[in-house]
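# Architecture and fold: a report
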Amino acid sequence: MNRVPMLAAGHAAVDVYQGAVPALVPFLVAERGYGYVAVSGVVLAATLSSSVVQPLFGVLTDRWRMPWLIPVSMVVAGAGVAAGGVADSYVLTWLAVALSGLGVAAYHPESARLARIASAGSHVRMSWFSLGGTLGFASAPVLVTPLLAAWGLGASPWLAAPALAGALATLPAVRALTGGGGTRAAAAEAERGRDDWRAFARLTLVIVFRSVVYVGLSTFVALYLGGGAAGAVALFVLFAGGAAGTVLGGRLAARWGRVRTMRLAYAAAVPAVAGVVLAPGPAAYVFVAASSIALYVPFSLHVTLGQDLLPNRVGTAGGVTLGLAVSVGGLTSPLVGLVAEATSLRTALACLVAFPVLAWLLARTLKEPAPA
């Protein structure tokens, strides 16, 4: 039985909490009077704890198999956000959100390992697992905003529901892949090659460059296209394009291979990102969609490539490709803002075109590894 849909549902449930924290910000400002620095500190707590710590969990899952960590980490992620909304001090709110981030960090390396086993080498199946996370992140504002707008921060304990539902949905797959399916899992991990750390370092830089341009777009494209309804449409197009690109990437990789698909995607991203800046009026939305699709086509491929480059460190590879490298975009987005303030937002977004170029150049140095 294909267990990937169950794992994808769990991935969606846990990544809701990556998008939930930014969605909490307006309510923390309105109900508690937090300033911009205070709320940015809350978001930073979630970002750092959910991403920078992920490689550590990857190292731990490489040393010890911890399938129990998947449902437990989901519950922790949901409990942190639920508690953050009702905490009665800034310190407790910060700690609760950081706890949620730790839950997110703990989830990804072990779940990526099981998804690799469940997908049995299928790039299409792995793309569906990655799609779950993309949809979870994108759906967070839809879940959080109406609930808190109607009942305020006091209703935040209800935000634990997706985590509980996701844990229950994932448990059968975890049991099958580590219990009755343990023989198959062991066989899948038995054939191991040599770790290629140099190639993995280059892949990590590719992911970093991709993160910088995507997070830069998601942070500023709504403002660039006018804010309000126009900006909301731009973000919807950006997120929808990401979902489409994730699925498309798996299908293209099955036909052309992962490295070739990745190279073509980053090559296509260069004119697409440039078009966001240069295209007049409504035509810019077409390029927003094209940029998102091109940047998400290699998203799931990064994970499996990293795992094949580090066959003896699958958890570490998942922690880096899903966590640390992805977070860099969030850490560098203030620099994009500084450029915008010093020049213009158009100039700042134009600078982003350099990053898919760099990703394409580095991708050209990679070769398709043999599956581990």
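Remember, it's a predicted structure, so these values are computed and weren't measured experimentally. (Residues numbered from 1 in each chain as written. Predicted model: local features only at pLDDT ≥ 70, side-chain atom pairs only at ≥ 80, totals over all residues. Heavy atoms only, no water.)

### Let's talk about helix α12 (residues 283-296)
An ideal rise of 1.5 Å per residue puts 20 Å on 14 residues; α12 measures up with 21 Å between its terminal C-alpha atoms. Within α12 the residues assigned to the buried category are Ala284, Val288, Ser291, Ser292, Ala294, Leu295 and Tyr296. In this structure, the buried residues of α12 make contact with α6 (123-151), α9 (197-224), α10 (228-256), α11 (258-278) and α13 (299-309). (Helix = DSSP H or I, 4+ residues; strand = E, 2+ residues; numbered from the N terminus. Expected span 1.5 Å × (residues − 1). Buried < 20%, exposed > 50% of the residue type's maximum accessible area, 1.4 Å probe, protein only. Contact = heavy atoms within 4.5 Å.)

### Thoughts on helix α3 (residues 54-63)
Among all positions in α3, only Gln54, Pro55, Phe57, Gly58, Thr61 and Asp62 are buried. Projected down its long axis, α3 shows its buried positions confined to an angular sector of 155°, all on one face. Among the exposed residues of α3, those pointing more than 90 degrees away from its buried face are Leu56 and Arg63. (Arc of directions from axis to C-beta.)

### Here we look at the packing of aromatic side chains
The tally for this structure, following the rule as stated, stands at six aromatic pairs. Relative to Phe239, the ring of Phe137 lies with its centre 6.3 Å away and its plane at 80°, an arrangement referred to as edge-to-face. Here Phe137, found in helix α6, pairs with Phe239, found in helix α10; they are 102 residues apart in sequence, far enough to count as distant. Since its relative accessible area comes to 36%, Phe137 is described here as partly exposed. Pairing Tyr296 with Phe299 gives two aromatic rings, centres 5.1 Å apart and planes at 55°, and the pair type is tilted. We note that Tyr296, like Phe299, is buried. Ring-pair connections join several aromatic residues into one group, and the members of that group are Tyr214, Tyr296 and Phe299. Over the ring of Tyr296 we find Arg210, and its NZ or CZ is 4.5 Å from the ring centre. Just above the ring of Trp256 sits the side chain of Arg260; from NZ or CZ to the centre is 5.2 Å. (Phe/Tyr/Trp six-rings, centres within 6.5 Å; stacked < 30°, edge-to-face > 60°. Lys NZ or Arg CZ within 6 Å of the ring centre and 35° of its normal.)

### A word on the nonpolar core
Proteins that are soluble and globular tend to have nonpolar side chains buried together. Core analysis: the biggest nonpolar cluster contains 46 residues, and Leu203, Leu217, Met262, Val288, Leu295, Leu349 and Leu352 have the highest contact counts within it. Taken together, the elements giving at least two residues each to this core come down to α9, α10, α11, α12, α13, α14 (314-342), α15 (345-351) and α16 (354-363). The greatest single-element share of this core, amounting to 12 residues, is contributed by α9. Judged by nonpolar contacts, the second largest core, of 45 residues, contains Ala20, Val25, Ala155 and Val174. (Core = buried A, V, L, I, M, F, W, Y, C linked by side-chain atoms within 4.5 Å.)

### Comments concerning the environment of Trp197
With respect to the helices, strands and loops of the structure, Trp197 is situated in helix α9. Sequence separation between Trp197 and Gly306 is 109 residues, and the spatial gap between their C-alpha atoms is 9.6 Å.

### Points about the side chain of Ser119
On the secondary structure map, Ser119 appears in helix α5 (residues 90-119). What makes Ser119 buried here is its relative accessible area of 5%. Setting aside chain neighbours within four positions, we find Ser119 in contact with Val4, Arg125 and Met126.

### Overview of the pattern of salt bridges
Opposite charge on two side chains makes pairing possible when the charged atoms of those side chains draw close. Summed over the entire model, instances satisfying the criterion amount to four salt bridges. Among the salt bridges present, the one from Arg113 reaches Glu110, with a minimum N-O distance of 2.5 Å. Of this pair, Arg113 and Glu110 both sit in helix α5, three residues apart, which is roughly one turn of that helix. As far as burial versus exposure is concerned, Arg113 and Glu110 are alike and both buried. (Salt bridge = Lys/Arg side-chain N within 4 Å of Asp/Glu carboxyl O.)

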